[in-house]
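# Coordinates in review
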Amino acid sequence: MSKGVAITGMGIISAIGNNVAENYDALINARKGITRVDNVETIQRSEIMVGEVKFTNDQLIAQLNLPTSNNYSRTAMLGAIAAKEAIADAGITDIKKYKTGIISGTSVGGMDMTEKYYYEYLTEKAPQKYIESHHAGDSTQKIAEQLGLEESLVTTISTACSSAANAIMLGARLIKSGKLDRVLVGGADCLSKFTINGFKTLMILSDTFNTPFDENRKGLNLGEAAAFLVLESDEVVKAENKKVLAYVKGYGNANDAFHQTASSDDGDGATLAMEKALKVANLKASEIDYINAHGTATGNNDLSEGRAILRVFGEEIPEFSSTKAYTGHTLAAAGAIEAVYSVLALRHNVIFPNLNFKTPMKEFSMNPQTELKEKELNTVLSNSLGFGGNCSTVIFSKEA
Amino acid sequence: MKKVYINSIASISPQKTFDNNLFLDEITDYNNTVIFAQDPDYKQYIPPAAARRMAKGIKMGVVASKIAMDEAGIETVDAIITGTGMGCMIDSEKFVSAIIDNNEQYLTPTSFIQSTHNTVAGQIALGMECKAYNFTYVHSAISFESALLDAKMQLENDEAQHILVGGVEELGAHTTKVHRTINHIKPEAVTISEILNSKTEGAVFSEGANFFVVSNEKKESCYAELVAVETFNTLKKEKVSETIESFLEGNNLKAADIDVIVFGNNGDVDFDDFYNQLSEGIFNKTQQVFYKHLVGENNTISAFGVWLACKILKTQSIPEIVKINEIKTSEVKTVLCYNQYRGQNHSLLLLKKC
Amino acid sequence: MSELKEELKAKIIEQLNLEDVSVADIADDDALFGDGLSLDSIDALELIVMLDKDYGIRLSDPKEGRKIFESVQVMADYIKEHRTK
């Protein structure tokens, strides 16, 4: 189990950019992508802010060159765009050359089409093509189809907001155990009335820009995005003389087993996830150089996660920030979005600021990094915490 | 690398399978296009305060997990991994229809919270106070197999000793109606005995929960050794035999070494040929069994196929009702399960007597 | 007033799906959260929607709810004073 898991390519589409370069540019220039929602018709429009990809579905269809008869959900289209960039970035021209798989995370799946045509499905023929795109696995099947991957391990994880982090974890395990030589891991989720109204009923949506780890935080902004990373075994890296962007060094998943939606006050699950990841990485907490926190800006998450970070890191907490103020909370995709950001941080030796922070939380004295900071980084720890108590941590490193 | 054993089983299905002492002794015949799971006494397992928000799928999952844990004789596990292709349909439908019917007003959170795919795994963890690894796979007909593969890797590498793995689906009324419009559900009611010869498109839809405790140590209650599991997003009909043979070869076996093959045919005239070609081809001298006539079709019903294989291996008996052909076998040592849904998401699963 | 309290009890039971509880089981001063009926934060959100829908009272902060939902008595007093329908 001492094999390295190399990251050799990345792709992303989010509210702050349509590819990796655009996302990086926005990150270092403190340019957030939070606006009113344009592509989802909702009566909540004036009450919420979102991190939205501004392309319409028709524009996405055109970008992907899909026939008019296609039945792609928005999740599948966002996912396909990010997946294609990742494969190109990794310099993969023949996807069948090595034993390759795809693991994606999604929570919404094809819900955007289901909610649009819910009753019409029963009477109208035209939209019925979308019935089969409802289930969560469909978006991943479509991504495989776009990449020409056949007869392979293609699966989907849905553990709410930690889904993509868990996809990375499974991918790393598949490489380490020799089941696959190469695996595309990540996640995709589009905005939908379902999630907008769902989070609204929980009263955790902010009506303005979200402010992670701020005393006066008012809740989260939902976002939509997709991101994928190519993981490859040491053998493939060697045989293909691949440039390695970073390594997946450690990972851990634990359940808070506290409440269906809320995190425990002491962050038990998050603490366990971070501890497990450190153990797998064979690193001490003091060897982590930067934490990309989950930091959704809800009252509950930031307190619980903050306490967990304190428990794991004690007095010596490295710089930490949440990038949710840029992108909104992209639910199942968040773990992959932030994996891309963690790798960018490592590549460029830079810590992205936690935007919109003003007032320290009264419960503890730790404050996020609020300005762009250059620092030699060797390890980055990224948290993803979700509904159902699902807590995940992934550690990325420069060296294997 | 450690070996992996299925130490306990639990099944809630349209047949009375929740009692592990029975093995399809009494069969409930249906004449329908949609069949529901037979309910155990949920109250015996779930306290009312915990049950009040649970839709049927969650109850089935929680109870099946308890039956499996009891049989394995353990209190907690190192991981809980579930598979569900469609997720919590009842609450999803409730919330979507409320959004539309009330024009996004006066919505309440319960059905939204309960609609997420990982609700069942989360509720099991909550009930067991289990803070361990907790995953949910949601990839159509291979959701359960993905969960099993994940568990198998962790057990082989000794990262875990006992893992609870299960598949669960519930029927939602609207989703059923919607699937009728695209002929995924059979147009006319069929009985158990007619289903394979129905010559119509679509399947009989169903629901249920099948859970297992898999471990890297063999317990007294052991049903089978889980030797291999593999999934394929696509597979052309012409390539199925060849793929199975190379899968078996990877495990140092030939088709002739398989004592029982468990097929996932559901009587859909458009897709049963995936199995029929094997019946007449590489497995024509092998004892063939099937189960979807008894328990219907859903995204994780292949877990019932594993339940059936486990029962056959442990009891060394094959109920007549599941037999496709009649081949005399002195001892059942090796069982292969093959499943696909609508020509996609194929799975192969190899079990041995323990 | 007692009519409103009975109405609230019935609504709480129905809305929160308290299968094994009857109106007679809930005393006016019983704690709804914690030791009494053992309601939780999800129930509080359900009750906030009920206040809005049935009595025209809008709460923007779920924390406000916790005080109002202390008991049926407190709830009834609050509704009487603030209801718009």
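The name an unreviewed UniProt entry gives chain C is Acyl carrier protein, with Aequorivita antarctica as the organism.

Chain A carries the name Beta-ketoacyl-[acyl-carrier-protein] synthase family protein in an unreviewed UniProt entry, which gives Aequorivita antarctica as its organism. Quoted verbatim from the Sequence similarities (unreviewed entry) field of UniProt, the annotation for chain A is "Belongs to the thiolase-like superfamily. Beta-ketoacyl-ACP synthases family."

## Notes on the environment of Ile12(C)
Residues and elements named next belong to chain C. Inspection of the secondary structure puts Ile-12 in helix 1 (residues 2-15). Take Ile-12: there are 23 C-beta atoms within 10 Å of it, and that puts it in the buried class. Distance in space between the C-alpha atoms of Ile-12 and Ile-68 is 14 Å, their sequence separation being 56 residues.

## A closer look at the domain arrangement of chain A
All names here are of chain A. Structurally, chain A comprises domain 1 (5-240) and domain 2 (248-397). If you average the C-alpha positions of domain 1 and of domain 2, the two centres end up 21 Å apart. Counting residues at the interface gives 64 residues for domain 1 and 54 residues for domain 2. Counting residues per element, the ones that place at least two in the side of domain 1 that touches domain 2 are strand 1 (5-13), helix 1 (20-28), strand 3 (50-51), helix 6 (163-176), strand 6 (182-189), strand 7 (222-223) and strand 8 (225-233). Here the side of domain 1 that touches domain 2 gets seven residues from one element, more than from any other, and that element is helix 6. Here the residues of the side of domain 1 that touches domain 2 sort into 36 nonpolar, 22 polar and six charged.

## A look at the nonpolar core
Formed by 263 residues in total, the largest nonpolar core has its most connected members in Ile168(A), Leu229(A) and Val340(A). The greatest single-element share of this core, amounting to 10 residues, is contributed by helix 12 (residues 334-348) of chain A. Residues in contact with Val340(A), not counting those within four places in the same chain, are Met10(A), Ile12(A), Val20(A), Asn23(A), Ala227(A) and Leu229(A). Met113(A), Tyr130(A), Ile131(A) and Val178(B) belong to the second-largest nonpolar core, a separate cluster that totals five residues.

## Observations concerning the packing of helix 9 (residues 268-281) of chain A against helix 10 (residues 299-313) of chain A
Residues and elements named next belong to chain A. Axis separation between helix 9 and helix 10 bottoms out at 8 Å; the angle between their running directions is 40°. With respect to helix 10, the element helix 9 is oriented oblique. Considering how the two elements wind past one another, helix 9 and helix 10 form a crossing that is right-handed. For the pair formed by helix 9 and helix 10, the contact residues are Ala-270, Thr-271, Met-274 and Glu-275 on the first element and Ser-304, Glu-305, Ala-308, Arg-311 and Val-312 on the second. Here the residues of the contact of helix 9 with helix 10 sort into four nonpolar, two polar and three charged.

## Some words on the interface of chain A and chain B
Contact residues are listed per partner, giving 53 residues for chain A and 51 residues for chain B. For the side of chain A that touches chain B, the class distribution of residues is 19 nonpolar, 27 polar and seven charged.

## What to know about the environment of Asp158(B)
All names here are of chain B. Note that Asp-158 resides in the loop between helix 6 (143-156) and strand 5 (162-169). A C-alpha to C-alpha distance of 38 Å links Asp-158 and Ser-111, two positions 47 residues apart in sequence. Apart from residues no more than four positions distant in its own chain, Asp-158 is found in contact with Lys-2 and Asn-216.

## Considerations on the sheet that holds strand 7 of chain A
Residue and element names in this part refer to chain A. The three strands are arranged 2-3-7 in an open sheet whose pairing can be described as mixed. One side of each edge strand has no neighbouring strand; the edge strands of this open sheet are strand 2 (34-35) and strand 7. Across two bridges, strand 3 lies against strand 7 in parallel orientation. Bridged to Gly-51 within strand 7 is Gly-223.

## Structural notes on unusual backbone geometry
Of note, the phi angle at Ala30(A) is positive, near 50°, even though the residue is not glycine. Among the residues examined, Ala30(A) registers 15 C-beta atoms within 10 Å and is labelled partly exposed. Here the phi dihedral of Asn103(B) falls at roughly 50°; this positive angle occurs in a residue that is not glycine. Secondary-structure assignment places Asn103(B) in the loop between helix 3 (89-101) and helix 4 (109-115). Asn103(B) gets classed as exposed once you count the C-beta atoms within 10 Å, which come to 9.

## Some details on the environment of Leu180(A)
All names here are of chain A. Looking at where Leu-180 falls in the secondary structure, it is placed in the loop between helix 6 and strand 6. Owing to 23 C-beta atoms within 10 Å, Leu-180 belongs among the buried residues under this scheme. Residues Leu-180 and Lys-84, spaced 96 residues apart in sequence, show a C-alpha to C-alpha distance of 19 Å. Once residues lying within four places of it in the same chain are set aside, the contact partners of Leu-180 are Lys-99, Thr-100, Gly-101, Leu-153, Leu-174 and Ile-175.

## Comments concerning helix 12 of chain A
Residues and elements named next belong to chain A. With 15 residues, helix 12 ought to run about 21 Å at 1.5 Å a step, and its terminal C-alpha atoms sit 21 Å apart, in line with that. Along helix 12, 13 of the 15 residues are buried, which leaves the element largely enclosed by surrounding structure. Among the residues trailing helix 12, Asn-349 stands out with phi positive, at a value near 50°.

Reading the values: the criteria
Residues numbered from 1 in each chain as written. Chains lettered and ligands numbered in written order. Predicted model: local features only at pLDDT ≥ 70, side-chain atom pairs only at ≥ 80, totals over all residues. UniProt positions renumbered as here; feature names shortened; annotations may be inferred. Helix = DSSP H or I, 4+ residues; strand = E, 2+ residues; numbered from the N terminus. Buried ≥ 20, exposed ≤ 12 C-beta atoms within 10 Å, placed from the backbone. Domains from an automatic or database assignment. Contact = placed C-beta atoms within 7 Å. Nonpolar A, V, L, I, M, F, W, Y, C, P; charged D, E, K, R; others polar. Core = buried A, V, L, I, M, F, W, Y, C linked by C-beta atoms within 7 Å. Axes fitted to C-alpha atoms, helices over the stretch in contact; angles between N-to-C directions. Parallel < 35°, antiparallel > 145°, perpendicular 65-115°, else oblique. Left-handed = near helix turned anticlockwise from the far one by under 90°. Pairing = 2+ DSSP bridges. Expected span 1.5 Å × (residues − 1).

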